[in-house]
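If you want the building blocks of each chain, they are given just below.
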Amino acid sequence: VREQWQKRYLKTRNRMEVLCAPLSAEERMVSSTDETSPAKWHLAHTTWFFDFFILRQWASDLSHFPPQPPVYDFLFNSYYESLGAFLPKKDRRLLSHPSSEEVDAYRKTTDERMLTVIEQCDEKRFPELARLIELGLNHEQQHQELLIMDVKQNHFLNPFKPAYSVETESAFASGEDLARGWVPFKGGKAEIGTNDPDTFYYDNESGHHSVWLESFSIASHLVTNGEYLEFIEANGYQNPKHWLSDGWEQVKRAGWTAPLYWVKEGSRYQEMTLSGLAPLQLSKPVSHLSYFEAQAYAHWKGFRLPTEFEWEHAARSKVSGFSGMERELWQWTQSAYLPYPKFKPFQNELMEYNSKFMCNQMVLRGGCRFTPEDHYRTTYRNFFYPNQRWQFAGLRLAKDENE
Ligand SMILES: [Fe+2]
């Protein structure tokens, strides 16, 4: 059992390094917006998570490990207020020190210590240790996706529009093999959330409960670039009628005229991808939309976004009737990110992991191509502010019965 935990630990940790391998030391330092973080920081922060929450907090009897530089707590704590002061997010881009080599050494040392702890941990305390490792690995997987989001944003803002890797995003399935249309669901009681004792899940998806749904239909396919282009060509970005008030303010303030990574050249669009600028593929699902844009498109089409409960019910019932339902693109829902009934956040400092963000954000469902398979669940709730669009987010339409 312990050997399996060691293997799993190393597998997830190594994947982070594989994802960073194409990045030079210069690229690892860049963070181009207030939303992004440098790759170097991701590498260090995920390490700090194991170092702080396991090696120091929990395995305090293992004091024969010499301490890491105390400043790492300040530099690599992301947002845990209860742990004291931390570097403001916008300043992560200033991390010329520690060097990339020092961050690599921090990872290496922490990994060696973690493997030792897994091997030597008292039998009685092992389940508790395993729970924390599980959280640390899931946390690292979240940062693996964030890393790719951030690299894409950074490379987009660089005038060279460099490629991150030869791996293109064109593998996004467009689901041409499946008939396009609506998938209907009868109203009634639906099961939401999880308390499955055999799998890991975050506190925000715990609390298995029922909700009542009216009859609805949900689109078999994600909205494509071609379909979204029609909204643009119909002057969707110039017509306040389709937009929420906050959305319209955002469009005007930011000068939005298209999804984040679309670049107009003459009368044609190019799209930034992980392999650089490429001609816009019309049959590919539209991505890098904000909630505001997803909502405006749905309104223009005469439909709406699904609630997160409709989405989960649909995914639990007949996922094979859909194209791109899971692990293709995150899909905006019209549900505000709120606690489920009887919600209990993680304990102690980890209470800050999810629960303090339950205000002013919207839920996305479905995972994306960069969400690791062993990380994703049908009950998974992602959340972003309605104006954010550097995540791999698209949309799927929904409608009430008989519309
Ligand atoms: Fe984190």
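Rules used in this analysis
Residues numbered from 1 in each chain as written. Predicted model: local features only at pLDDT ≥ 70, side-chain atom pairs only at ≥ 80, totals over all residues. Heavy atoms only, no water. Helix = DSSP H or I, 4+ residues; strand = E, 2+ residues; numbered from the N terminus. Buried < 20%, exposed > 50% of the residue type's maximum accessible area, 1.4 Å probe, protein only. Contact = heavy atoms within 4.5 Å. Disulfide = S-S within 2.5 Å. Pairing = 2+ DSSP bridges. Axes fitted to C-alpha atoms, helices over the stretch in contact; angles between N-to-C directions.

J.: Any chance you could break down the environment of Asn 195 for me, citing the residues and the numbers?
T.: Within the element layout of this structure, Asn 195 appears in the loop between strand S2 (188-192) and strand S3 (209-213). Judged by its relative accessible area of 42%, Asn 195 is partly exposed. Taking C-alpha positions, Asn 195 is 8.6 Å from Glu 205, a pair spaced ten residues apart along the chain. Look past the residues within four positions of Asn 195 in its chain and what remains in contact with it is Tyr 201, Ser 206, Gly 207 and His 208.

J.: Explain the state of the cysteines to me, using residue names and the numbers behind them.
T.: Tallying each qualifying case throughout the model produces zero disulfides. No disulfide involves Cys 20; its sulfur sits 16 Å from that of Cys 368, the nearest cysteine. What makes Cys 20 buried here is its relative accessible area of 1%.

J.: Hey, could you go over the sheet that holds strand S9 (residues 362-365) for me, with residue numbers and the actual values?
T.: Pairing within the open sheet is mixed, and its four strands lie in the order S10-S9-S8-S11. Looking at the sheet topology across the chains shown, the edges are occupied by strand S10 (382-384) and strand S11 (393-394). Where helix H10 (residues 308-318) meets the sheet, its contacts fall on strand S8 (330-336) and S9, and the angle it forms with S8 comes to roughly 135°.

J.: Any chance you could break down unusual backbone geometry for me, citing the residues and the numbers?
T.: The amide bond that connects His 97 to the next residue, Pro 98, takes the cis arrangement and shows omega of 0°. For Asn 235, which is not glycine, the phi dihedral falls at a positive 60°. With respect to the helices and strands, Asn 235 occurs in the loop between helix H7 (225-233) and helix H8 (245-254). Residue Asn 235 is classed as partly exposed on the basis of its relative accessible area of 45%.

J.: Provide a residue-level description of the pairing of strand S5 (residues 262-265), including the pertinent values.
T.: The two faces of a sheet get side chains in turn, since along a regular strand they alternate between them. Here four bridges tie S5 to strand S6 (residues 268-273), and the two strands are oriented antiparallel to one another. Bridge pairing links Val 263 to Gln 270 in S6. What sits between S5 and S6 in their antiparallel hairpin is a turn of two residues, with Gly 266 showing a positive phi close to 65°.

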